[in-house]
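Here is how the chains run, residue by residue.
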Amino acid sequence: MHHALSRHRNILDFALSSLLRRKAKNISLFLVYTLIIFVIASLIFFVQALKREAALLLAEAPDMVVQRMIAGRHDLIPTNYGEKISAIRGVSEVTPRLWGYYYDPVFQANYTLLAPDTAPPPPGSITIGSGVARNLRIKTDDLVTFRSYSGTPLLLTVSGIMPLHSELVSADLVLMAAEDFQAMFRMPKDVATDLAVTVANPRELVTVANKIVELFPDTRPILKSELLRTYDSLFDWRGGMMVVMLAVALFSFVIFAWDKASGLSAEERKEIGILKSIGWETGDVLLLKFWEGAVISLTAFLAGVLLAYGHVFFSSAALFSHALKGWAILYPQFRLVPTIDGYQLSVLFVLSVLPYTAATIIPAWLAATIAPDAAMRS
Amino acid sequence: MIALQQVTKTFSISPTTSFTAVDNVSLTIERGTMTILKGPSGSGKTTLLALIGCMTRPSSGRIMLQGVETSFFQATDRSEGFDSSSLPERFLTEIRRSTFGFIFQQFNLIKGISALQNIMLPAYPTGEQQPVVRQRAVELMEQFDLLRHCNSPVEWLSGGELQRVAIARALINNPIAIIADEPTAHLDSQLSQAFMESIGLLKDSGKTVLIASHDPIVYNSSRADQVVEMRDGRIVQQEPPV
Ligand SMILES: Nc1ncnc2c1ncn2[C@@H]1O[C@H](COP(=O)(O)OP(=O)(O)O)[C@@H](O)[C@H]1O
Ligand SMILES: [Mg+2]
């Protein structure tokens, strides 16, 4: 046992000195390897963090939202529906919500308008998300004009800007008083965009939903669990682009690994012959090549993952945030909360370190299985 | 003692043709003696060395090794020894490592690493601790007047120094026998003489020495105890005669 251990140590030592001997080749291998791992790991970290962000956001969403449907399309819902719904057993609260989208033709951006139920801004003023503030180049106490339904401008004062690091979705948010919202879109006072329904016991959600449809056949209750699924698939769709990038990166990795690691130089081939002739077994040569490959791939993997971590969580994925992020045209600037998906990292590990090490070992194995007496003649 | 009994080595060149490189050779090599294989190129010297050195197996015949101690065979002076040609591969490697030290025509040193590391290299896979091996390597370098080149990469060394590094490397695992194939082919006559001196000292210290060469400096050396002349795979003359 003792001997087996120091055999490993001796051969590892020699592997390290061999790597140093071919410095230029190995440094370039290390750099390309690190770069590819960096790109892939960045993508993994980034999408994972976005998913988490969305999940956090949904955690604050109501258990159920009730929409009214006309001809299969979402329509405004009369607030008196809410009074009857709150009478259903198990329902603890019904809140009418007013929200919508506004396209700013000047800056060509979409904002989300919302008239909050609690602590709304006073009429004539708005609170805006950081992305909106950046886009419009405005600050607190500035005046903004929005075009109302009739085309006449609506003059509003910025009463505050929501903190920069709040959430992904709040960046394009504009909070306004219900009166302003109704005036802007010519909405009657007795309707809402939808109703938020809170149910005390989550197990009664489906029963309550069924009762609502019974009571108002023209409504559609949407459960939070369904929302979660929608968000998930939305991210998966955004991630579709990622899958393509991932595939490209992995593919280029395989080519790189094959090309760089498998090409035994004449010198390396000769060295293997020498080692065989002075009493190294094929297994010893393979162990040497294994260590050479493992040292490069392990250090490059680690370096790539650490760089990706810094890139995504400390520089907010500066390199590709424009491609993937932002609900509206705005690109929120915010810090992603570090999350690590061990499973995906392990997959990446297996898909990179294993093929690379194999690509180093297999050609060496072919070169090392020559008979020792052939090595003697070379 | 090494005893070859009717050893033949045949290479198959194609499915229908084969080539007999060593043909029915019987030879006895006593412990602590120097044996020279001489003969023209292609006469089978290298093949015979490879057979004796457990690098390849004979097609027929036996190669008896006596006085060799391995994990599977505890030798005693009385015992007959064992037939290396009938052993499985992993035992052959073990015998090769512990019993023989090899010196090659091309020196076969690895460029870019120090002379010291080159000398230590055969000991790495044996699992011996590095400080112990290094100590032995330094002693060998001292013995062969190489100490000032301890950490020089081998490409800085002269031809004679390279040859001495190759000898030191052959000795690192404390072999019983030294096998050298055309060791003086790349040396001038002065360095060849020096090489025979060094090898003679090894014989004096109890090593069995086996050299294949067509260099007169080698086969006419007064150090040789036995000169075997080969031609077309056969022994044609033996000095002293058996
Ligand atoms: N692996 C092999 N396959 C076929 N022929 C071989 C092989 N190895 C050696 N030979 C042949 O065996 C003969 C003897 O070779 P060798 O032992 O190297 O002779 P020497 O060392 O005396 O020059 C040569 O003709 C050589 O071509
Ligand atoms: Mg030869």
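Since the model is a prediction, treat every value here as computed from it, not as a measurement.

What counts and what doesn't
- Residues numbered from 1 in each chain as written.
- Chains lettered and ligands numbered in written order.
- Predicted model: local features only at pLDDT ≥ 70, side-chain atom pairs only at ≥ 80, totals over all residues.
- Heavy atoms only, no water.
- Core = buried A, V, L, I, M, F, W, Y, C linked by side-chain atoms within 4.5 Å.
- Buried < 20%, exposed > 50% of the residue type's maximum accessible area, 1.4 Å probe, protein only.
- Helix = DSSP H or I, 4+ residues; strand = E, 2+ residues; numbered from the N terminus.
- Contact = heavy atoms within 4.5 Å.
- Pairing = 2+ DSSP bridges.
- Buried area = accessible area lost by both parts, 1.4 Å probe.
- Salt bridge = Lys/Arg side-chain N within 4 Å of Asp/Glu carboxyl O.
- Polar contact = N/O pair within 3.5 Å; in protein donor to acceptor, adjacent residues only side chain to side chain.
- Axes fitted to C-alpha atoms, helices over the stretch in contact; angles between N-to-C directions.
- UniProt positions renumbered as here; feature names shortened; annotations may be inferred.
- Parallel < 35°, antiparallel > 145°, perpendicular 65-115°, else oblique.
- Left-handed = near helix turned anticlockwise from the far one by under 90°.
- Nonpolar A, V, L, I, M, F, W, Y, C, P; charged D, E, K, R; others polar.
- Phe/Tyr/Trp six-rings, centres within 6.5 Å; stacked < 30°, edge-to-face > 60°.

As for the nonpolar core
Working step 1: Counting 91 residues, the largest nonpolar core has A:Trp280 and B:Phe100 as its most contacted members.
Working step 2: Ranked by residues supplied to this core, first place goes to helix H5 (residues 159-171) of chain B with 7 residues.
Working step 3: Setting aside chain neighbours within four positions, we find A:Trp280 in contact with A:Ile11, A:Phe14, A:Leu275, A:Val285, A:Leu288, B:Arg97, B:Leu121, B:Pro122, B:Tyr124 and B:Pro125.
Working step 4: Of all hydrophobic cores here, the second largest spans 26 residues; its members include A:Ile37, A:Ile296, A:Phe301 and A:Val312.

Some words on the pairing of strand E1 (residues 2-12) of chain B
Residues and elements named next belong to chain B.
Working step 1: Bridge analysis of E1 against strand E4 (residues 60-65) gives 5 bridges, and the strand direction is antiparallel. Opposite Gln5, over in E4, you have Arg62 as the bridge partner.
Working step 2: By the bridge criterion, 8 bridges tie E1 to strand E2 (residues 18-29) in an arrangement that is antiparallel. Paired with Ala3 across the bridge in E2 is Thr28.
Working step 3: Two successive antiparallel strands, E1 and E2, enclose a turn made up of 5 residues.

A few points about the interface of chain B and chain A
Working step 1: If you look at the interface, chain B gives 32 residues, while chain A gives 27 residues.
Working step 2: Summed over both sides, the interface of chain B with chain A buries roughly 2600 Å², with 58% coming from carbon and sulfur.
Working step 3: It is B:Met55, B:Ile110 and B:Tyr124 in chain B that bury the most area against chain A; as a group they hold 19% of the surface buried on that side.
Working step 4: Counting across the chain B and chain A interface gives 2 salt bridges.
Working step 5: With a closest N to O distance of 2.5 Å, A:Asp284 and B:Arg97 form a salt bridge.
Working step 6: Connecting chain B to chain A are 13 residue pairs in polar contact (both at pLDDT 80 or more).

Looking at the sheet that holds E1(B)
Residue and element names in this part refer to chain B.
Working step 1: One open sheet holds the 4 strands; their spatial order is E2-E1-E4-E5, and the pairing between them is antiparallel. The open sheet terminates on both sides in strands that have one partner only, identified here as E2 and strand E5 (82-83).
Working step 2: The strands that helix H1 (residues 45-52) touches are E1, E2 and E4; relative to E1, the one it contacts most, it runs at about 120 degrees.

Describing the pattern of salt bridges
Residues and elements named next belong to chain A.
Working step 1: Counted under the stated rule, the structure contains 21 salt bridges over all chains.
Working step 2: A salt bridge links Asp284 to Arg7; the nearest nitrogen and oxygen atoms lie 2.7 Å apart. Of this pair, Asp284 sits in helix H9 (residues 282-314) while Arg7 sits in helix H1 (residues 2-21), and the two are 277 residues apart along the sequence.
Working step 3: With its nearest N and O atoms 2.9 Å apart, the salt bridge here joins Asp218 to Arg68. Taken as a pair, Asp218 in the loop between helix H6 (205-215) and strand E12 (219-223) and Arg68 in strand E1 (residues 64-70) lie far apart in primary sequence, 150 residues in all.
Working step 4: Under the relative-accessibility criterion, Asp218 is labelled partly exposed at 23%.

Side note on the sheet that holds strand E9 (residues 226-231) of chain B
Residues and elements named next belong to chain B.
Working step 1: Within the open sheet, the 6 strands sit side by side as E6-E7-E8-E3-E9-E10. Their pairing is mixed. Of all strands in the sheet, those with a lone pairing partner are strand E6 (100-103) and strand E10 (234-239), marking the two edges. Geometrically, the sheet is characterised by an average inter-axis angle of 20 degrees between neighbouring strands, direction not taken into account.
Working step 2: Alignment of E6 against strand E7 (residues 177-181), held across 4 bridges, turns out to be parallel.

A look at the UniProt feature "transmembrane region" (unreviewed entry) in chain A
Working step 1: UniProt's feature table lists "transmembrane region" (unreviewed entry) at residues 27-47, 239-258, 294-324 and 345-368 of chain A, given in the numbering used throughout.
Working step 2: Helix makes up 100% of residues 345-368 of chain A and strand makes up 0%, while its end C-alpha atoms are separated by 33 Å.

A few points about the packing of helix H8 (residues 266-277) of chain A against helix H11 (residues 342-368) of chain A
All names here are of chain A.
Working step 1: Viewed as axis vectors pointing N to C, H8 and H11 meet at an angle of 55 degrees, and their least axial separation amounts to 9 Å. For the element pair H8 / H11, the angle class is oblique. At the point where H8 passes H11, the crossing takes the right-handed sense. Residues Arg269, Ile272 and Lys276 of H8 touch H11, and the partners they reach there are Ala364, Ala367 and Ala368.
Working step 2: In terms of residue class, the contact of H8 with H11 is made up of 4 nonpolar, no polar and 2 charged.

Considering the packing of aromatic side chains
Residue and element names in this part refer to chain A.
Working step 1: With the rule as written, the count across this model stands at 16 aromatic pairs over all chains.
Working step 2: Ring centres of Phe45 and Tyr309 lie 5.9 Å apart, and the angle between their planes is 90 degrees; this geometry places the pair in the edge-to-face category. With Phe45 in helix H2 (residues 23-59) and Tyr309 in helix H9, the pair connects residues that are 264 residues apart, well separated along the chain.
Working step 3: Its relative accessible area of 1% is what places Phe45 among the buried residues.
Working step 4: A relative accessible area of 24% means that Tyr309 is categorised as partly exposed.

Quick word on the environment of A:Ile11
Working step 1: Along the chain, A:Ile11 turns up in helix H1.
Working step 2: With relative accessibility at 0%, the residue A:Ile11 sits in the buried group.
Working step 3: Not counting the four nearest positions on each side in its chain, A:Ile11 is found in contact with A:Trp280, A:Asp284, A:Leu287, A:Leu288, A:Trp291 and B:Pro125.

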